[in-house]
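# Residue-level structure breakdown
Okay, here's what each chain looks like letter by letter:
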Amino acid sequence: MAAIEILGLEKTYMVGFWRKRPKRALQPLHLTVEEGEIFGFLGPNGAGKTTTLKMLMGLVFPTAGTARILGHEWTDPEIKAQIGFLPEQPYFYDYLTAHELLNYYGQLSGVPAKDRTRRVEEVLQQVGLTDIKGVQLRKFSKGMLQRAGIAQAILHNPKLVFFDEPMSGLDPLGRREVRDLMEQLKQQGKTVFFSTHILSDAEALCDRVAIIHKGELRGVGAVEDLTSTVQGKVEVIWQGAQIPASMKVLDAECHVVGDTVRAVLAENQQDAAIDALRREHIRLIAITPLRTSLEAYFVEKLQHAQTTAGKAS
Amino acid sequence: MTASQRTTVIAGVCLAVSLVACVLLLRHIDQIRPKASIEDVLYINSPKMVKRASLGFDGLMACIYWTRTVQYFGNRHFDRAHTYNELAPLLEITTALDPHLLPAYQFGASFLAPKPPGGAGEPARAIQLMEYGIEHNPNNWRLYYDLGFVYYTELKDYRNAAAVFERGSQVPDAHPFMKIMAAQMATHAGDFATARMLWRAAYESASESNVRQNAIEHLRAIRVDEDVTHLEAAVEQFSEQNRRPPFSMSELATAQHWSGLPVDPDGFPYNLTLDGRVQVESPDDFPFITKGTPPGYVPAPPKFHNQN
Amino acid sequence: MIPRLLHIASNTFREAVRDRVLYNLIAFALLLSGAAIFVGQISIDIERLVVVNLGLTAVSLFGVVIAIFIGIGLVSKEIEKRTLYTVLSRPVRRWEFIIGKFLGLAGTLVVNTFFMAIGVFGALLYVAHKFSKPDALILVALYFIVLEFLIICALALLFSSFSSPLLSAVFAFSLFVIGSFADDLRGFAAMTHGITRLFATAAAYLVPNFSALNVISAVAHQQPLSSQLIMHNTLYAFFYAAMALSGAVLIFERRNLK
């Protein structure tokens, strides 16, 4: 069963003061997320990521389209017991402590009283919030709030978790921890759907990604597939500033970077390059297959859209 | 039906039911506490205190008190009450808050001075109110008129009435009628013509419906009084000529060569009693008449015709 | 359903109680009750009158301010600051949120009134040196004041469901002031004609009838209050609050939470 099936969800806002004009925040979206995968929803700011998430949560009503979550209609209130949500830059009841907040949310999610206390402790441990007993949330730093947000999202052991920009406001250590957490969740068999504009995170974590820009879906697929539009090139790095003549014969693009040289050449030339370096007694530092980064794919998709848009207009 | 639709329906029904319930309950509550509102209102019955309590919103409070005054009078009038004890304080507070609220003075002139059940029976306070109004609105000739009105109708103090009308006629832009009234007061105070002029003026210048109604009733009463006076004079004349009173109105009518039987403003013929008195058919329809009533008649509280 | 309602209510109560604004306002109200003692001493005969009048008026006014501030704060702010998102991502219905908030607020205000009332009774005891039987009427006045609060809370929630915090506060307070003159509004409506009369009468009936609930002067003068009035007022407050809350639910059910 697919964890999430988005069937043509679309949202058009009416903007303007006197004469309202329609503004399309999201074009009809068709997307499927399988159970047990970490799915990245990528796009620049204002692309429609948050709108999509809010529609799935029932916070915003779609202009058209439906969705199914864990096999049920997305408007079914009971399904909410099985999903967790971390909104962007969350804000919580200032005057509660983290324990009280989680306890409250636990009550609302229907976590039985006898399990609640234990579960709250577990989850706080899991997100790395310790020594905060009795501290009101308004004294929490941004990073701590983010962790508390994650805690409330996984408290009731949901099957499916939605994170909206989970890394925002976190320092590198924090981000690492969140990434580990998401891996953990996947290992527990949960599905993670998160939106972000930080591509390196997505690249590291996701099984599959979707790219959305200006309300339109630009590309969907497994990270490997998207980035393996490898041009069949390798990058060779060697010590020194010398470029052997034989390299030039091989049609290599060479750049001197500090006290090393980086050359890009075709994969089938790899052995010849190694031989060339050996003959000249040049020390080889690294050979790496060249993959398109997700970023490049991303930028290409966005530019492509712009040019098509340019042509169309 | 989805959960959301169900919620909408239930909430909608709840809204409608609650709305109806509220309106019905409100009407009930109004009935339970009719007096409460006025008693409440006059807990602070000193104009100075009210002014202080208004926190500067004098104008608004004046309007509110004026509304209450009219409500108060209307309710009691409708209930055929015999006293209007709160009318004077209400008017005093209203005018203390806003001395330029002219309708209040006219109201006071019409209803403070007359004796119950037509009014509060406090002519002295009425005069006080008018003088207060004149003091604050010296160039408003109508206030002099209202004051003269009180002297004339209730106190029958024609000398003072004349003096007031004279004062009023001096005001720039005064209606020329004021000078005429001053003159009339001096010589023909008791005439029907004078009274009719006065009440006609009251009717035409009145903006408030109670005051208008009051004026209408008085005009009707003057008509009846006039008719009865003339009819009784005719009866006198007939009796002298024929050494006996007329047997009926028709006999009198024939003798006087009238085209038909004389009728009152409602169209009913005047009755001629065996002892030669002229009476109206139903005295209750004519509050304020001084003639044409049967002996021992006690006037009922006035009811207004032409109810709005 | 019910457990969730109660949880939301108790959380609202907790949230309100920890808001320092609340304490400042209560302290002020108590201060005013204390001041009443001094004002009363200026004129010996009317000590009791002043204490009851001033004390109950303070309870009423401050209570309304608290009701509006906290009522608006707890919903509008929640929507604006997005604490609501995490609540609604749980199996909580939107209407449960509104009703739960209302119950929590109502509870807060009852507790509030209790504390402020202590101030009034304390001041009364000080000037009168003992309680007499008619003083029980003060309890009725306080009960009516609580009914006023319930209506105001419901209205605050109604406005919060679609309006910004500031506007909601303004609307709610305006309705409080207008509602205090509801009698006069109906009187005014009776004096008008035609279309104005239609609108004025409709407005006069829609506005909450606080004039009937304001028995402070009567109680100060130790006038008796009929049990019929008490019952009718209770029902009226109940239905009026129900009306406002139904409206809030209807609006909130449809609202896009940006």
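Residues numbered from 1 in each chain as written. Chains lettered and ligands numbered in written order. Predicted model: local features only at pLDDT ≥ 70, side-chain atom pairs only at ≥ 80, totals over all residues.

Here we come to the overall build of chain B. Counting secondary structure elements, chain B contains 13 helices and two strands. Relative to the globule expectation of 19 Å for 308 residues, the C-alpha radius of gyration of chain B, 26 Å, shows a markedly less compact shape. Expressed as lengths along the three principal axes of its C-alpha atoms, the size of chain B is roughly 100 × 55 × 30 Å. In chain B, which comprises 308 residues, the proportion classed as buried is 36%. At a minimum sequence separation of 6, the contacts of chain B that also span at least 24 residues come to 53%. (Helix = DSSP H or I, 4+ residues; strand = E, 2+ residues; numbered from the N terminus. Rg over C-alpha atoms; globule rule 2.2 N^0.38 Å. Buried ≥ 20, exposed ≤ 12 C-beta atoms within 10 Å, placed from the backbone. Contact = placed C-beta atoms within 7 Å.)

With that out of the way, let us pick up the overall build of chain C. Across its full length, chain C holds twelve helices and zero strands. For 258 residues, the compact-globule formula gives about 18 Å, and the C-alpha radius of gyration of chain C, at 20 Å, lands near that figure. Counting all 258 residues of chain C, 53% fall into the buried class.

Time to look at the domain arrangement of chain B. Taken as a whole, chain B is organised into domain 1 (37-190) and domain 2 (214-285). Taking only C-alpha atoms, the centre of domain 1 of chain B and the centre of domain 2 of chain B are 36 Å apart. (Domains from an automatic or database assignment.)

To continue, consider the packing of helix α3 (residues 113-127) of chain A against helix α4 (residues 142-154) of chain A. Residues and elements named next belong to chain A. Viewed as axis vectors pointing N to C, α3 and α4 meet at an angle of 135 degrees, and their least axial separation amounts to 9 Å. Taken together, the axis directions place α3 and α4 in an arrangement best described as oblique. The element α3 and its partner α4 pack so that their crossing is right-handed. Counting all contacts with α3, which are made through Val123, Leu124 and Val127, the residues of α4 involved are Arg147, Ile150, Ala151 and Ile154. Looking at side-chain class alone, the contact of α3 with α4 contains six nonpolar, no polar and one charged residues. (Axes fitted to C-alpha atoms, helices over the stretch in contact; angles between N-to-C directions. Parallel < 35°, antiparallel > 145°, perpendicular 65-115°, else oblique. Left-handed = near helix turned anticlockwise from the far one by under 90°. Nonpolar A, V, L, I, M, F, W, Y, C, P; charged D, E, K, R; others polar.)

Counting residues in each nonpolar core, the largest one holds 165 residues, and the members touching the most others are Ile152, Cys153 and Ala154 of chain C. Examining the composition of this core, we find that 18 residues originate from one element, helix α6 (residues 136-160) of chain C, more than from any other. Sequence-distant contacts of isoleucine 152 of chain C, that is, excluding residues within four places in its chain, are made with Val64, Ala67, Ile68, Ala172 and Phe176 of chain C. Counting residues in each nonpolar core, the second largest holds 62 residues, with Ile64, Val70, Tyr105 and Ala120 of chain B among its members. (Core = buried A, V, L, I, M, F, W, Y, C linked by C-beta atoms within 7 Å.)

Moving on, we get to the packing of helix α3 (residues 47-80) of chain C against helix α7 (residues 165-180) of chain C. All names here are of chain C. Running from amino to carboxyl end, α3 crosses α7 at an angle of 150 degrees, the nearest separation of the two axes being 9 Å. Regarding the angle of α3 to α7, the classification is roughly antiparallel. Relative to α7, α3 is oriented so that their crossing is right-handed. Seen from α3, the contacting residues are Val64, Ile68, Ile72, Gly73, Ser76, Lys77 and Glu80; seen from α7, they are Pro165, Ser168, Ala169, Ala172, Phe173 and Phe176. Split by residue class, the contact of α3 with α7 holds eight nonpolar, three polar and two charged.

Another aspect to go through is the interface of chain C and chain B. Across the contact, 30 residues belong to chain C and 28 residues belong to chain B. Secondary structure elements with two or more residues in the side of chain C that touches chain B: α8 (182-191), α11 (216-220) and α12 (227-254) of chain C. Counting residues per element, the side of chain C that touches chain B draws most heavily on α12 of chain C, which supplies 15 residues.

Another aspect to go through is the sheet that holds strand β13 (residues 260-266) of chain A. Sheet strands pair via backbone hydrogen bonds, and the direction of the pair is either parallel or antiparallel. All names here are of chain A. The strand order across the open sheet formed by four strands is β12-β13-β11-β14, and the pairing between neighbours is antiparallel. Each of the sheet's edge strands pairs with one partner strand only, and the pair in question is β12 (253-257) and β14 (284-289). Within this sheet the neighbouring strands show an average axis-to-axis angle of 15 degrees, counted without direction. (Pairing = 2+ DSSP bridges.)

So, on to the sheet that holds strand β7 (residues 160-164) of chain A. Residues and elements named next belong to chain A. Reading across from one edge, β6-β7-β8-β3-β9-β10 is the order of the six strands in this open sheet, with mixed pairing throughout. Both edges of this open sheet fall to β6 (83-86) and β10 (216-222), since each of them pairs with a single strand only. Strand-to-strand twist of the sheet, defined as the mean angle between neighbouring strand axes without regard to direction, takes the value 15 degrees. Sheet analysis places strand β3 (residues 38-42) next to strand β8 (residues 191-196), joined by five bridges and oriented parallel. Opposite leucine 42, over in β8, you have threonine 196 as the bridge partner. The strands touched by helix α5 (residues 172-187) within the sheet are β3, β7 and β8, with β8 carrying the most contacts at an inclination of about 150 degrees.

On to the pairing of strand β4 (residues 64-69) of chain A. Looking at chain direction, strand β1 (residues 2-15) of chain A and β4 of chain A are connected through five bridges and run antiparallel. Considered in β4 of chain A, the bridge of isoleucine 4 of chain A is made with isoleucine 69 of chain A.

All right, on to helix α1 (residues 3-32) of chain B then. Between the first and last C-alpha of α1 of chain B there are 42 Å, a value that for 30 residues agrees with the 44 Å anticipated at 1.5 Å per step. Along α1 of chain B, the residues that are buried comprise Ala11, Ser18, Cys22, Leu25, Leu26 and Ile29 of chain B. Summarising the contacts, the buried residues of α1 of chain B are in contact with α5 (94-128), α9 (194-206), α10 (210-213) and α12 of chain C. (Expected span 1.5 Å × (residues − 1).)

Time to look at the pairing of β8 of chain A. All names here are of chain A. Across the six residues of β8, six count as buried, placing the element largely inside the fold. Of the two faces of β8, the one lined by Thr191, Phe193 and Ser195 and the one lined by Val192, Phe194 and Thr196 are each fully buried. With five bridges connecting them, β7 and β8 associate as parallel partners. If you follow phenylalanine 163 over to β8, its bridge partner there is phenylalanine 194.

Turning our eyes to something else, we now look at the environment of alanine 3 of chain A. Residues and elements named next belong to chain A. Tracing the backbone through its elements, the reader meets alanine 3 in strand β1. Separated by 68 residues in sequence, alanine 3 and glycine 71 place their C-alpha atoms 7.1 Å apart. Not counting residues up to four positions away in its chain, the partners in contact with alanine 3 are Val33, Glu34, Glu35, Leu70, Leu160 and Thr191.

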